[in-house]
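If you want the building blocks of each chain, they are given just below.
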Amino acid sequence: MKITSAEFKFSSAKSSQIPQDGIAEFAFIGRSNVGKSSLINMLAACNGLAKVSGTPGKTRLINHFLVNGRWYMVDLPGYGYARVSKGSRREFASMIIDYVTRSEKMYFLFVLVDSRHEPMQIDLDFINMLGEKGVPFGIVFTKCDKQSDDRTASNIAFYKKVLLRWWEELPPIFLTSSVTGLGRDQMLDFVEEALKGCGCG
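Chains are numbered independently. Their residues run from 1 in the order of the written sequence. Thresholds applied to this predicted model are a pLDDT of at least 70 for local features of residues and 80 or more for the giving and counting of side-chain atom pairs; totals over whole chains, interfaces and linings are not thresholded and use all residues. Working from all heavy atoms in the structure, the side-chain values ignore hydrogens and water.

K.L.:
Give me the sheet that holds strand E5 (residues 106–114): which residues, what numbers.
P.N.:
On the basis of which strands lie adjacent, the open sheet formed by seven strands has the order E1-E3-E4-E2-E5-E6-E7 and mixed pairing. Strand pairing shows two members of the sheet lacking a second neighbour, strand E1 (6–12) and strand E7 (173–175), which therefore form its edges. On average, adjacent strands in this sheet sit at an angle of 25° to one another, irrespective of strand direction. Pairing of strand E2 (residues 24–30) with E5, which is carried by six bridges, proceeds in the parallel orientation. The residue bridging phenylalanine 26 from the neighbouring strand is phenylalanine 108, located in E5. Each of E2, strand E4 (71–75), E5, strand E6 (137–142) and E7 is contacted by helix H5 (residues 184–197), which is oriented at about 160° to E5, the strand it contacts most. For two strands to be treated as a pair, DSSP must find at least two bridges joining them. Counting from the N terminus, the helices are DSSP H or I runs at least four residues long and the strands are E runs at least two residues long. What counts as an axis is a line fitted to C-alpha atoms, over the stretch in contact for a helix, and the angles between N-to-C directions run from 0 to 180 degrees. Any two residues whose heavy atoms approach within 4.5 Å are treated as being in contact.

K.L.:
Pulling in residues and values, what's your account of helix H4 (residues 149–163)?
P.N.:
At 3.6 residues per turn, the α-helix brings residues three or four places apart onto the same side. Here the expected length of a helix is defined as 1.5 Å per residue gap, with one fewer gap than residues. With 15 residues, H4 should reach 21 Å at 1.5 Å per residue; the first-to-last C-alpha distance of 21 Å fits that figure. Where the residues of H4 are buried, they touch E5, helix H3 (121–133), E6 and E7.

K.L.:
Describe the packing of H3 against H4, and please don't skip the residues or the numbers.
P.N.:
Between H3 and H4, whose axes approach to 12 Å, the crossing angle comes to 50°. One finds that H3 runs oblique with respect to H4. Where H3 crosses over H4, the two elements pack in a sense that is right-handed. Along the contact surface, H3 presents Asp123, Leu124 and Ile127, while H4 presents Tyr159, Val162 and Leu163. A breakdown of the residues in the contact of H3 with H4 according to their chemical character gives five nonpolar, no polar and one charged. Oblique is the label for any angle not under 35 degrees, not over 145, and not in the 65 to 115 range, which are roughly parallel, roughly antiparallel and roughly perpendicular in turn. Handedness of a helix crossing follows the sense of rotation of the near helix relative to the far helix, less than a right angle counterclockwise being left-handed and clockwise being right-handed. Amino acids outside the nonpolar list (Ala, Val, Leu, Ile, Met, Phe, Trp, Tyr, Cys, Pro) and the charged list (Asp, Glu, Lys, Arg) are all regarded as polar, and Gly is one of them.

K.L.:
Describe the pairing of E4, listing the residues and the values that go with them.
P.N.:
Only protein chains enter the accessibility calculation, which uses a 1.4 Å probe. A residue is then buried if its area is under 20% of the maximum for its type, exposed if over 50%, and partly exposed in between. Counting buried residues along E4, five of its five residues qualify, which places the element largely inside the surrounding structure. Residue alternation in E4 divides its side chains into two sets, Trp71, Met73 and Asp75 and Tyr72 and Val74, and both sets are buried. Bridge count for E2 against E4 is five bridges, and the pairing is parallel. Across the sheet, phenylalanine 26 pairs through a bridge with methionine 73, a residue of E4. Pairing of strand E3 (residues 62–67) with E4 involves five bridges; the strand directions are antiparallel. Each residue of the ladder has a partner; that of leucine 66, found in E4, is tyrosine 72.

K.L.:
Tell me about unusual backbone geometry, and name the residues and values.
P.N.:
Within the chain, alanine 45 stands out as a residue other than glycine whose phi angle is a positive 55°. Its place among the elements puts alanine 45 in the loop between helix H1 (36–44) and E3. The exposure class assigned to alanine 45 is exposed, which follows from its relative accessible area of 59%. In this structure, asparagine 68 takes a positive phi of about 55° despite not being glycine. Of the residues examined, asparagine 68 reaches a relative accessible area of 16% and is grouped as buried.

Set out below in structure tokens:
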């Protein structure tokens, strides 16, 4: 897929505020500071599209970016950020669960995890919840440029082994780097095929 246009359209505090315009949504979520905004900018080939911050938990709303006038990239708040009040964490969790389980327009959810780390319980719990709810998703390993290819392969192999304790078949997996562009073509081709499959492209 060639990206010809990408622009911010609107923000929402809950899924009921999202316009029912019939445009398919591909959402991005992960723990705070996993590189979500950087990945969105890399995919769109637009460095200033999603605001990148060194402060975890910066994204507080559901942000929609229209790509090629055909589909939305949806930037969801990060989960697991401890440096906010318990009340705020509950609000974020409620917003996230409401969107990923109830949005009629979300076609696919990209769950981002840092390729440098072993599986974290908060990620595993979230991934297993998606499976229980029947949410279509894939796992995106970020920051693959930050370590050797062998280390990345070893970490991902271990991640798969852990997931297979609960899953008979693994979801789609993508290896990415917002610095080198690794995984961009694979993810955009996946979206292109998905749009064709849902009659949106």
